[in-house]
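Secondary and tertiary structure notes
So the chains spell out like this:
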Amino acid sequence: MAGVLSHALALDPLYSHGVHWVELLVVVVKVVVAFSALILSVMLMVWFERKLVSDMQARIGPNRAGPWGMMQTLADGIKLFFKEDLLPDRSDRFVFKLAAYLSIVPAFLAFAIVPVGGLVTIAGHTFELQVADPPIGILFLLAMSSVSVYGVMLAGWSSGSKYPLLGSVRASAQMISYEAALGMSVIVVILLTATTTNIVGSLSTRAIVNSQSHTFFASWNLIRTGIVPFVLFLVAITAELQRPPFDLAEADTEIVGGFNTEYSSIRFGMFFMAEFMNVITMSAVIVTLFFGGPDGPTAHVFVLSWLIPVLWFLGKTFVFLFLYVWIRAALPRLRYDQLMNLGWKVLIPASLAWALVVAAAIVGRWWFVGVIAGLVLGGALLARSLFVGTTRGDLIGSSTSGPFGVRGPR
Amino acid sequence: MNLRDDVRGRLSFLGGFKVTLRQMTRPRVTAQYPLEKKPKPIRLHGRHVLNRYEDGMEKCIGCELCAGVCPADCIYVRGADNPRDEPVSPGERYGYVYEINYLRCIHCDMCVEACPTEAITESKLFEFSFTNRADAVYTRDELLVDDEGRPRQLPWEDWREGDDLHTSAWMRATSPSGDASYEGRVQWSGELGYGVRAPEGGQSGRRDDEATGIREIRDVYQLHLDDADRPPDAQGYRGASNRARAKVALRRGAIAHRRGKR
């Protein structure tokens, strides 16, 4: 299949035959279209979030600019452009300016690897509906989400102000702890991609999508990986995005605005845009990794049959956008220790265990049994060790006396 | 605590998803404020008026009790002896200076409670955004009702149609005359433009709903309550059918009202 695919796409990653101008043109068109579509969808996403949250809170929500207030984001953006751009006196000016770009550029770049649709043939040239399909695909995504940590961290650090610093310390600790669980749940997907297609060990998002497209739903990674990695990925990615209930880095009730407190004008707008762009990108990535991307029943409709997979992709992504807004409206913010407990004590062990089980199942039956037995044993020991000390409350109430008598030391 | 309760407790946060979805199906509690204004509660505390008797005499006797009781120190009153040949008020003295500073007033209504002659009462006007400090101080000329007993309308005040109908009459904080057994009895003296006003609904019943149109708002708020928190006649299926019936009646009333206007 790999040979057929690369032949059909005329895949030639090193361009050993030189670059034809049509290939360049296709890339430029893809980039421009993806860029503008992303900006437009960010605009609509901000509006959608505000409107949906207001619906869930029995309010009316934005309804002045444009039909149903759809132009509200545009109005806000224009306003932000014309506001005064403040640089705090104590800030590190260069890093302060850099941080906003470090936040928004990865948000744009990460979307490049998402397969939006299938193949399109125009005037004899076949190309993928995807800005880029690098062989390192999903690693690129993880790299970009790591770079955006720098944006947040440096923004808080360079502001020369305490609340932004607190926000950025929280943000970097949070993002680093959840990245491990994120990577582990992606590994499960990659393991299955490697075994079910001939593209051995492929990280390419196109290969991930293709490996899921045998039957509708049943062949999606959601089912094949056993749902758990999807749940872990969803929680970890929500924390990575700093969306509620994991929005400690910009907890308004605790640390003013968090890392972006000192930012104003369009520099603030860039952080804001990056946040929503990441929401869209990550919803698309969830769809790519676990829901078959543009996979779905298609029909031949004139020349527009390429559009149906795109619609499938958009529909699936929309479900997750709705979910993100719903989560924001429904859940209260976690405390910092709860956040860390969830990350280190639940998500990372669970994702590690699941990755081990799946890997063992791929290698062989006895490995599978052995790993499960080992995990059960290890888990039981760990649980026992964790419960030591937590039962102290019972001892105090009961008649059994500890080393200091019934009531403990004075 | 057994395991089942423990798990249920840990997963109780999922209830938030149900609550938020349920809100989407219910009517909004907010309104398009400047375009669409909600009816005001009957006891709303707004800007003051100085009332006059039915013969046109001022009720204020310049006793300064209102100024004394004011917790915000916003009232300034000076009393003077009535001129012999043309008295302003029926008593010995009258208030010849009467000023309220609305930058300080907190609309607590204690002046209204303190007034022995029901001279000062509060209208329900709250939309009066003056743009300089001089305008914030309302003098006697501005507070006093006109020759028909209606409050004077200043350029920056947003009086709505029918607003000046419920400007005056003294209302106790708790029930008519502070005693439920006086419910339904007229408790105040007659005044210019209104004569003797009908007593308010009091603690029982919702007789004031007809006058204020506030029932709709209360019904909307009631929809957002948990069923157990609603009044008995609004609970369960019976409550739902009552609401539906009220809605139909309301729509019929609105249609009839529109036809009447034409």
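Residues numbered from 1 in each chain as written. Chains lettered and ligands numbered in written order. Predicted model: local features only at pLDDT ≥ 70, side-chain atom pairs only at ≥ 80, totals over all residues. Heavy atoms only, no water.

Some remarks on the nonpolar core
Considering soluble globular proteins, one finds that nonpolar side chains tend to be buried as a cluster. Counting residues in each nonpolar core, the largest one holds 81 residues, and the members touching the most others are M45(A), F230(A), F233(A), I286(A), L289(A), F290(A) and F291(A). Secondary structure elements with two or more residues in this core: helix 2 (21-56), helix 4 (93-110), helix 5 (137-158), helix 6 (162-196), helix 9 (228-241), helix 11 (265-290), helix 12 (307-330) and helix 13 (336-363) of chain A. Broken down by element, the residue count for this core peaks at 14 residues, all from helix 11 of chain A. With sequence-adjacent residues up to four places away left out, F291(A) is seen in contact with Q212(A), W220(A), L222(A), F230(A), I286(A), K316(A) and F320(A). Membership of the second largest hydrophobic core comes to 27 residues, among which are C60(B), A119(B), L125(B) and F128(B). (Core = buried A, V, L, I, M, F, W, Y, C linked by side-chain atoms within 4.5 Å. Buried < 20%, exposed > 50% of the residue type's maximum accessible area, 1.4 Å probe, protein only. Helix = DSSP H or I, 4+ residues; strand = E, 2+ residues; numbered from the N terminus. Contact = heavy atoms within 4.5 Å.)

Some points on the confidence of the model for chain B
Of the residues in chain B, 85% have a pLDDT of 70 or more, and the chain-wide mean is 80. The ipTM assigned to the predicted complex is 0.70, against a pTM of 0.76. (pLDDT = per-residue confidence, 0-100.)

Brief notes about the environment of I176(A)
Mapped onto the fold, I176(A) is located in helix 6. For the pair formed by I176(A) and R59(A), sequence separation is 117 residues and the distance between their alpha carbons is 37 Å.

With respect to a nonpolar patch on the surface
On the surface, V301(A), L304(A), W306(A), L307(A), L311(A) and L314(A) cluster together into a nonpolar patch covering about 510 Å² of accessible area. One can find L314(A) in helix 12. (Patch = residues over 30% accessible without salt bridge, like charges linked within 9 Å, V, L, I, M, F, W, Y side chains within 5 Å. Areas by Shrake-Rupley, 256 points an atom, 1.4 Å probe, with all protein chains shown as cover. Salt bridge = Lys/Arg side-chain N within 4 Å of Asp/Glu carboxyl O.)

A short note on the interface of chain A and chain B
Taken together, the contact pairs 14 residues of chain A with 15 residues of chain B. Summed over both partners, the interface of chain A with chain B buries about 1,300 Å², with 67% contributed by carbon and sulfur atoms. In terms of surface lost to chain B, no three residues of chain A exceed A58(A), I60(A) and W326(A), which account for 37% of the buried area on that side. Put simply, chain A and chain B have one salt bridge between them. One can count seven residue pairs in polar contact (both at pLDDT 80 or more) joining chain A with chain B. Listed by contribution, the elements that provide at least two residues to the side of chain A that touches chain B are helix 2 and helix 12 of chain A. Among the elements that take part in the side of chain A that touches chain B, helix 12 of chain A stands out by supplying five residues, more than any other. Within the side of chain A that touches chain B, the residues separate by chemical class into ten nonpolar, one polar and three charged. (Buried area = accessible area lost by both parts, 1.4 Å probe. Polar contact = N/O pair within 3.5 Å; in protein donor to acceptor, adjacent residues only side chain to side chain. Nonpolar A, V, L, I, M, F, W, Y, C, P; charged D, E, K, R; others polar.)

Here's the deal with the pattern of salt bridges
Residues and elements named next belong to chain A. Counted by the stated rule, this structure contains 14 salt bridges over all chains. For R328, the salt bridge is made with E49, and the minimal N-O distance between the two is 2.5 Å. One end of the pair, R328, is in helix 12; the other, E49, is in helix 2, with 279 residues separating them in the sequence. Assessed through its relative accessible area of 36%, R328 is described here as partly exposed. D76 serves as the salt-bridge partner of R50, at 3.1 Å between the closest nitrogen and oxygen. Note that R50 is positioned in helix 2 and D76 in helix 3 (residues 72-81), a separation of 26 residues in sequence.

A short note on the state of the cysteines
Residue and element names in this part refer to chain B. What the rule picks out here adds up to zero disulfides over all chains. Note on C66: no disulfide assigned, nearest cysteine sulfur contributed by C63 at a separation of 6.1 Å. Distance from the sulfur of C108, which forms no disulfide, to the nearest cysteine sulfur (C70) is 6.1 Å. Overall, C108 belongs to the partly exposed group, its relative accessible area being 32%. (Disulfide = S-S within 2.5 Å.)

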